[in-house]
2 protein chains.
Amino acid sequence: MASTVLVIGAGAIGAFYGSLLAQAGTEVSVVCRSDYERVRQHGFIIDSQPLGRWSFTPTQVLKNVADFKGSPDYILLCTKVIPTLDRVALIRPVVGRNTSIVFIQNGVEIEQEMLDAFPNNEIVSGLAFICCNRVGPGEILHLAYGRLALGNLPNGVSDKTAQLCELFNQTGIECGATDDIVTGRWQKCVWNAPFNPLSVLSGGLPTLDILQTQESFVRSIMQEICDIAAAAGHPLPDNIVDINIEHTYAMPPYKTSMLLDYESGQPMETEAILGNALRAAQRLGIPSPHLESVYALMKLRELKLGYLP
Amino acid sequence: MASTVLVIGAGAIGAFYGSLLAQAGTEVSVVCRSDYERVRQHGFIIDSQPLGRWSFTPTQVLKNVADFKGSPDYILLCTKVIPTLDRVALIRPVVGRNTSIVFIQNGVEIEQEMLDAFPNNEIVSGLAFICCNRVGPGEILHLAYGRLALGNLPNGVSDKTAQLCELFNQTGIECGATDDIVTGRWQKCVWNAPFNPLSVLSGGLPTLDILQTQESFVRSIMQEICDIAAAAGHPLPDNIVDINIEHTYAMPPYKTSMLLDYESGQPMETEAILGNALRAAQRLGIPSPHLESVYALMKLRELKLGYLP
């Protein structure tokens, strides 16, 4: 029998990966708020530069999580991680005894609240390495990359997680299972912690301009993330900063997700990426003055935008 | 015989202090570029909330420094300190044997080039503590404060500097002579180094919002300036950070000069205030990661605005 998947937060990431699971033969339903009417009538169009173009008609299209009939085998939680959205409360109505909770989200130290709230469920932390944007209601443009990494919390890879990886791999997207997804999360943060806020605070510079003029500042932030990760029990490879720098020089100039959010007036993942890393640093006694500065400036920028302090 | 004064850079600061010296009986000429036609025909109007309203008709109104006839007793240099303006080349045409060069300008470590270029002239470093804006061509609004501090370089107070102080004091503005004006310059930087860039990078917050939400970040930058100043041989009072914090809480919410420049598309004094402090830190081996972060972000902001790196 086909597995059932409920995608919660069917923006670019949720719709893209959900559509792949549908291709692989699972029953995929989606909860999407902003594009609900359009998606209910016409589904999604995925325009993938590497993989071609396809449409995706979810089994159920829902405006609210609680409208889902039954308990899914997998929840794919793909919302942004922002303080005004309670992830636990959002998914609770559909978490059944056998539901695996998979979150494909940015940020560090976003695991514990899930483990606390659902101690008897499989919790799977996921990371997407992808350039993928919503370009219109129900329309997703996949520009490049696409690799997924999944791993159970607190660590390991369950059979069910391995099955999910296998489904993704059938579709031509690389999905790796990892014993230590938390380390992977810190590893992704090495790139996100400098480039996301710097793109916003600079007033909209793409990654290459930032790197070409402020490489040493970028490296300082990256190194602080490495130090925090190591103190948190997740040491990263010695050359991770060099690799990130080289990789970014090789990328085409790129607008970060935080800059896209900023430009479209959407909330930014300041807390998930920077605030959580900084709180870990404070808890563990790791000096991180560059990260502290960037976080403080992002909070000032948000204050100016009208966010509550 | 009355002294002659040439104000170079007759913006808000130059016109305000120049007008006071004219009141005190000196012959004051001005070099002003942007408002030249208007000022040549109508002089300046100074609207001072604490001191009343007066007009100021300079003896000569000049578009270029070299047009000045003779050598003034005092040059009052009041331009901004920005990399694209060569202060030495600007004033050289009118520096005579007996000319005192007085600069009322922001920033730290802006003295040496003057000392090197004019080794046989009196060089006087000045600091203005004033809220004063140009509100139209030839129209200056003086909102509050106004104290001046003057001192010879490398230190001490010459007779001629004491005379200039006396002239200012006659007009109701407090002008203090100080043996150690370089320390005064670092002291002013304690306030400028956080509030100027944070007001810009936040997207336009006034000082009070910055302080109320990010006091500890502000304090970190202030403390780094104190550490650099001490290493440079200019230790500041132990309680200087506390005093600046208290003073800023007591001020009405205030838009910094850098924010006003930013909002009106004018060049900002990023190098004079932050760049010079940071270069001193690097020379002296003083860690200053918060200052470094703020400077790097200002440079990114300037890059986005089209400044050359």
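All residue numbers refer to position in the chain's written sequence, counted from 1. Each chain takes a letter, starting from A, and each ligand takes a number, starting from 1, following the order in which they are written. Selection of residues for local features in this predicted model requires a pLDDT of at least 70, selection of side-chain atom pairs for listing and counting requires 80 or more, and totals for whole chains, interfaces and linings are taken over all residues. To get the side-chain values, all heavy atoms of the structure are used, and hydrogens and water are removed first.

Enquirer: Can you walk me through the overall build of chain A in this structure?
Expert: The helix and strand inventory of chain A stands at 11 helices and 10 strands. It is over C-alpha atoms that the radius of gyration is taken, and the globule rule equals 2.2 Å times the number of residues to the power 0.38. Against the globule reference of 19 Å for 309 residues, chain A gives a C-alpha radius of gyration of 19 Å, in line with a compact fold. In terms of overall dimensions, chain A has a C-alpha envelope of 55 × 40 × 40 Å along the principal axes. For chain A, the computed accessible surface area is about 12600 Å², with 49% contributed by carbon and sulfur atoms. A helix here means a DSSP run of H or I that spans at least four residues, while a strand means a run of E at least two residues long, and both kinds are numbered starting from the N terminus. Here the open area of atoms and residues is found with the Shrake-Rupley method and a 1.4 Å probe, where only the protein chains shown may cover a residue.

Enquirer: Would you explain the environment of B:Lys255 in this entry?
Expert: Residues and elements named next belong to chain B. Position of lysine 255 relative to the elements: it lies in the loop between α8 (240–250) and α9 (257–263). Whether a residue is buried, partly exposed or exposed follows from its accessible area with a 1.4 Å probe, protein chains only, as a fraction of its type maximum: under 20%, in between, or over 50%, in that order. A relative accessible area of 37% means that lysine 255 is categorised as partly exposed. Residue contacts follow a heavy-atom distance rule, with two residues in contact if any of their heavy atoms lie within 4.5 Å. Among residues more than four places away in sequence, those in contact with lysine 255 are Leu260 and Glu263. Polar contacts, as counted here, are pairs of nitrogen or oxygen atoms within 3.5 Å of one another; within protein the pair requires one atom able to donate a hydrogen and one able to accept it, and residues that are adjacent in sequence qualify only if both atoms are side-chain atoms. Of note is the side chain of lysine 255, whose polar atom sits 2.7 Å from the side chain of glutamate 263.

Enquirer: Whenever I open this one, the relation of the copies chain A and chain B confuses me. Can you help?
Expert: Relating the two copies of this chain is a rotation about some axis coupled with a shift parallel to it. Here chain A sits on chain B after a turn of 180° about the axis and a move of 0.0 Å along it, with an RMSD of 0.0 Å. Those values place the two copies in the arrangement expected of a two-fold rotation axis. Of the residues that chain A buries at the interface, 100% are likewise interface residues in chain B, meaning the two copies contact each other through the same surface. Copy-to-copy superposition: least squares on the C-alpha atoms, limited to residues that have pLDDT of at least 70 in both copies.

Enquirer: Help me understand the environment of B:Cys131 in this model?
Expert: Residue and element names in this part refer to chain B. Structurally, the position occupied by cysteine 131 is in strand β8 (residues 123–136). Accessibility expressed as a relative area gives 10% for cysteine 131, which makes it buried. Each C-alpha atom, one on cysteine 131 and one on isoleucine 46, is 13 Å from the other, the two residues being 85 residues apart in sequence. In this structure, cysteine 131 is in contact with Leu141, His142, Leu143, Ala144, Tyr145 and Tyr254, ignoring residues within four places of it in sequence.

Enquirer: Please explain the pattern of salt bridges as it appears in this structure.
Expert: Should their charged atoms come close, side chains of opposite charge can pair. Residue and element names in this part refer to chain A. By definition, a salt bridge exists where a carboxyl oxygen of Asp or Glu is found within 4 Å of a side-chain nitrogen of Lys or Arg. Under the definition given, this model contains 26 salt bridges over all chains. The partner of arginine 219 in a salt bridge is glutamate 215, and the shortest N-O contact between them spans 2.9 Å. Remark: glutamate 215 and arginine 219 occur in helix α7 (residues 207–231); sequence separation between them is 4 residues, near one turn of the helix. Judged by relative accessible area, which is 28%, arginine 219 ranks as partly exposed. Given a relative accessible area of 24%, glutamate 215 falls into the partly exposed group. Salt bridges here are not isolated pairs; linked through shared partners, they connect Glu271, Arg279, Lys299 and Glu302.

Enquirer: When you look at the environment of B:Leu236 in this model, what are you seeing that I'm missing?
Expert: Residues and elements named next belong to chain B. Along the chain, leucine 236 turns up in the loop between α7 (207–231) and α8. For the pair leucine 236 and tyrosine 254, spaced 18 residues apart in sequence, the C-alpha separation works out to 24 Å. If we skip the residues at most four places from it in the chain, leucine 236 touches Thr183, Trp186, Gln187, Val190, Cys226 and Ala229.

Enquirer: Any chance you could explain the pairing of strand β7 (residues 100–104) of chain A here in plain terms?
Expert: Consecutive residues of a regular strand have side chains that alternate between opposite faces of the sheet. All names here are of chain A. Within β7, 5 of the 5 residues are buried, which leaves it mostly tucked inside the rest of the structure. Burial of the side chains of β7 extends over both faces: Ser100, Val102 and Ile104 are buried on one face and Ile101 and Phe103 on the other. Where strand β6 (residues 74–77) and β7 come together, 4 bridges link them in parallel fashion. Counterpart to leucine 76 in the pairing with β7 is valine 102. Between any two strands, pairing holds if DSSP finds at least two bridges. Note: β7 against strand β8 (residues 123–136), 4 bridges, orientation parallel. In the sheet register, isoleucine 104 faces β8, and the bridge partner there is glycine 126.

Enquirer: Explanation requested: the nonpolar core in the structure shown.
Expert: Looking at soluble globular proteins, one finds that nonpolar side chains tend to be buried together. Within the largest apolar cluster, 138 residues are counted, with the highest numbers of intra-cluster contacts made by A:Ile8, A:Trp186 and B:Trp186. Residues in contact with A:Trp186, not counting those within four places in the same chain, are A:Val108, A:Glu109, A:Ile225, A:Ile228, A:Ala229, A:Ala232, A:His234, A:Leu236, A:Ala277 and A:Ala280. Each nonpolar core is a collection of buried residues, namely Ala, Val, Leu, Ile, Met, Phe, Trp, Tyr and Cys, held together in the definition by side-chain atoms within 4.5 Å.

Enquirer: What is the right way to read the interface of chain A and chain B from this model?
Expert: Where interface size is quoted, it is often the accessible area lost as the parts come together. Each side of the interface is counted separately: chain A has 25 residues, and chain B has 25 residues. We define buried area as the total accessible area lost by two parts upon association, computed with a 1.4 Å probe and summed across both. Summing the contributions of chain A and of chain B, the shared interface buries around 2100 Å²; its carbon and sulfur component is 72%. Together, A:Leu297, A:Leu300 and A:Lys304 form the three largest contributors to the area buried by chain A at its contact with chain B, with a combined 25%. Across the chain A-chain B interface, the total number found is 4 residue pairs in polar contact (both at pLDDT 80 or more). Listed by contribution, the elements that provide at least two residues to the side of chain A that touches chain B are α6 (181–201), α7 and α11 (289–304) of chain A. By residue number, the principal contributor to the side of chain A that touches chain B is α11(A), which donates 12 residues. Amino acids outside the nonpolar list (Ala, Val, Leu, Ile, Met, Phe, Trp, Tyr, Cys, Pro) and the charged list (Asp, Glu, Lys, Arg) are all regarded as polar, and Gly is one of them. When grouped by side-chain class, the residues that make up the side of chain A that touches chain B number 12 nonpolar, 8 polar and 5 charged.

On their own, these measurements won't tell you what the molecule is for.
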